[in-house]
Amino acid sequence: MTFSILARDPETGAIGGAAATGSLCVGGWVLRGHLSAGMSASQGASPSTFWGEEVLEAMRGGAGADAAVRYVTGADAGKGYRQLAALDLNGATAAFTGDRNTPEMGSAAFDTGVVSGNMLAGLDVLEGMVQAFEGATGGLDRRLLAALRAAEKAGGDSRGLLSAALLVLHPDHAPLTLRVDHHADDPIGALADLHGRATSGEYAYWAQKVPVASDPERGLD
């Protein structure tokens, strides 16, 4: 019931993900990430938030994305109803789609990331996401938003959309974690508006003063 993208910016070390769905609260359910581990997107007909956390823990412990996904999904009796994608800090990706999810469903890897979806209007939704991300300009956040818009344009979730989310982690910037948990008309548009507000003006100025991974004591002077 969801489409998502995970990606890495090899020039800056930033990692991020974006997702949208025809149900509520996609950000809380789907996206997980940590600069010491990578990114995950856990979704599906009966998504497991445990999967999202456990695959990060495996990658934090040294497993690559493929091994981490195989480890997490292998022992779950309900895996047929779930979908998982992972991106490790080396830029490798992996994905799993259980066969009890609702078509159309699948995933596709590209040079710096992976896209996944289920209950899609068609598999061209995934292709559209990749093409939009790779063709967009600007930072990782803007390219991820472009991918969501392209997925929607290609048909997206076959039921329409109700929620959307963006998560970007950068060693030199504060976390950018934005969620639109319910919007009956245009959750991706609302997310883009929230993104604009969060990356400009006083909020953006304040965010430049808080601690970050590369400077955990920033803001003390």
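Everything numeric in this text was worked out from a predicted model, so none of it was measured.

Now for the environment of Leu-176. By the secondary structure assignment, Leu-176 is in strand E10 (residues 173-180). By relative accessible area, which is 13% here, Leu-176 ends up buried. For the pair Leu-176 and Ala-198, spaced 22 residues apart in the sequence, the C-alpha separation amounts to 8.2 Å. For Leu-176, the residues in contact, after removing those within four places along its chain, are Asp-141, Leu-166, Leu-167, Val-168, His-195, Ala-198 and Thr-199.

This structure, assessed with the given rule, holds eight salt bridges. Glu-53 is the partner of Arg-32 in a salt bridge, and the nearest nitrogen-oxygen pair spans 2.8 Å. Of this pair, Arg-32 sits in strand E3 (residues 31-34) while Glu-53 sits in helix H2 (residues 49-60), and the two are 21 residues apart along the sequence. For Arg-60, the salt bridge is made with Glu-57, and the minimal N-O distance between the two is 2.7 Å. Of the two residues, Arg-60 and Glu-57 are both situated in helix H2; the distance of three residues between them amounts to about one turn of the helix.

What follows concerns the pairing of E3. Examined bridge by bridge, E3 and strand E4 (residues 38-44) share four bridges and lie antiparallel to one another. The residue bridging Arg-32 from the neighbouring strand is Ser-40, located in E4.

Residues Phe-3, Ile-5, Met-129, Phe-133, Leu-144, Leu-166 and Leu-191 are the most contacted members of the largest nonpolar core, which totals 30 residues. At the level of elements, strand E1 (2-9), strand E2 (14-21), helix H4 (124-135), helix H5 (140-153), strand E9 (163-170), E10 and helix H6 (187-198) are the ones that each hand at least two residues to this core. A per-element tally of this core places H5 first, with six residues. Not counting residues up to four positions away in its chain, the partners in contact with Leu-191 are Leu-145, Leu-148, Ala-164, Ala-165, Leu-166, Leu-178, Arg-179 and Val-180.

Moving on, we come to the sheet that holds E9. Pairing is antiparallel across the open sheet formed by six strands, whose spatial order is E7-E8-E1-E2-E9-E10. Of all the strands in the sheet, just strand E7 (106-110) and E10 have a single pairing partner and so form its edges. Sheet twist, expressed as the average angle between the axes of neighbouring strands with direction ignored, equals 10°. Relative to E2, E1 is paired through eight bridges, and the arrangement is antiparallel.

In this structure, the amide linkage connecting Pro-103 to the following residue, Glu-104, adopts the cis form with an omega of -5°. With phi around 55°, Cys-25 is a residue other than glycine that occupies positive phi space. Checked against the element boundaries, Cys-25 lands in the loop between E2 and helix H1 (26-30). Relative accessible area serves as the criterion here: at 30%, Cys-25 is assigned to the partly exposed category. One non-glycine residue with positive phi stands out, namely Met-119, at about 55°.

An ideal rise of 1.5 Å per residue puts 16 Å on 12 residues; H6 measures up with 16 Å between its terminal C-alpha atoms. Burial in H6 covers these residues: Pro-187, Ile-188, Gly-189, Leu-191, His-195 and Ala-198.

Between its terminal C-alpha atoms H2 stretches 17 Å, which fits the 16 Å expected from 12 residues at 1.5 Å a residue. When we look at burial in H2, the residues that qualify are Trp-51, Gly-52, Val-55, Leu-56, Ala-58 and Met-59. The buried residues of H2 occupy one face: seen down the axis, they fall within an arc of 160°. Where the residues of H2 are buried, they touch E3, E4, helix H3 (65-74), strand E5 (82-88) and strand E6 (93-97). By the N-cap criterion, in which a side-chain oxygen at the helix start approaches the backbone nitrogen of a residue two or three places on, H2 is capped by Ser-48, the distance to Phe-50 being 3.2 Å. Just downstream of H2 lies Gly-62, where phi reads positive at about 115°.

So, how was this worked out
- Residues numbered from 1 in each chain as written.
- Predicted model: local features only at pLDDT ≥ 70, side-chain atom pairs only at ≥ 80, totals over all residues.
- Heavy atoms only, no water.
- Helix = DSSP H or I, 4+ residues; strand = E, 2+ residues; numbered from the N terminus.
- Buried < 20%, exposed > 50% of the residue type's maximum accessible area, 1.4 Å probe, protein only.
- Contact = heavy atoms within 4.5 Å.
- Salt bridge = Lys/Arg side-chain N within 4 Å of Asp/Glu carboxyl O.
- Pairing = 2+ DSSP bridges.
- Core = buried A, V, L, I, M, F, W, Y, C linked by side-chain atoms within 4.5 Å.
- Axes fitted to C-alpha atoms, helices over the stretch in contact; angles between N-to-C directions.
- Expected span 1.5 Å × (residues − 1).
- Arc of directions from axis to C-beta.
- Polar contact = N/O pair within 3.5 Å; in protein donor to acceptor, adjacent residues only side chain to side chain.

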